[in-house]
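Listed below, chain by chain, are the residues.
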Amino acid sequence: MLTLQCPYCGVMAEETELSAGGEAHLKRFGPGSSDADFETYMFMRENPKGVHFERWRHANGCGKWFHAARCTVTLEVFGTYTAQTSVPPAELLETIRAARPGFKWREFE
Ligand SMILES: [Zn+2]
């Protein structure tokens, strides 16, 4: 079972306490953007086999949204962090690179 630590209340929450919110760090495009940018925002997702950045909500806890970095193959969790950031914390990226040499994900290479 997936267990993530909520970065707000510190609880180690089991998957049943959480609600998945899809991919983290999407660049949003709205009115006035090009059709290609809007299409990318609406439909294009990474869906990697490996490290992925995701949005989760501590639905049956404090109710707040946060981000998690985990491996989609092994379910290894590299860390969680607040949702009020546009990029993952540098120390988390270093942890991932140490565990997975050659790790690449969008602009966080
Ligand atoms: Zn919480």
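The protein chain carries the name Putative N-methylglutamate subunit B in an unreviewed UniProt entry, which gives Donghicola eburneus as its organism.

### With respect to the nonpolar core
One finds Leu4, Trp56, Ala68 and Ala69 to be the most contacted residues of the largest nonpolar core, which totals 13 residues. Where this core is concerned, the elements lending two or more residues are β4 (51–57) and β5 (65–71). Tryptophan 56 has contacts with Leu4, Leu18, Ser19, Ala20, Gly21, Phe66 and Ala68, leaving out every residue within four places of it along the chain.

### As for the environment of tyrosine 8
On the secondary structure map, tyrosine 8 appears in the loop between β1 (3–5) and β2 (12–14). Judged by the 16 C-beta atoms lying within 10 Å of it, tyrosine 8 falls in the partly exposed class. When sequence neighbours within four positions are dropped, the list of residues in contact with tyrosine 8 reads Cys62, Lys64, Phe66 and Thr82.

### A word on the environment of glycine 32
Assignment of secondary structure puts glycine 32 in the loop between β3 (19–23) and α1 (35–43). Spatially, the C-alpha atoms of glycine 32 and phenylalanine 103 are 34 Å apart, while their sequence positions differ by 71 residues.

### Focus on unusual backbone geometry
Positive phi is not limited to glycine here, since asparagine 47 has a value of about 50 degrees. Within the secondary structure, asparagine 47 sits in the loop between α1 and β4. Positioned with a positive phi, leucine 75 is a non-glycine residue whose angle comes to about 70 degrees. On the neighbour-count criterion, leucine 75 (11 C-beta atoms within 10 Å) is exposed.

Here is what the cut-offs are and how they apply
- Residues numbered from 1 in each chain as written.
- Predicted model: local features only at pLDDT ≥ 70, side-chain atom pairs only at ≥ 80, totals over all residues.
- Core = buried A, V, L, I, M, F, W, Y, C linked by C-beta atoms within 7 Å.
- Buried ≥ 20, exposed ≤ 12 C-beta atoms within 10 Å, placed from the backbone.
- Helix = DSSP H or I, 4+ residues; strand = E, 2+ residues; numbered from the N terminus.
- Contact = placed C-beta atoms within 7 Å.

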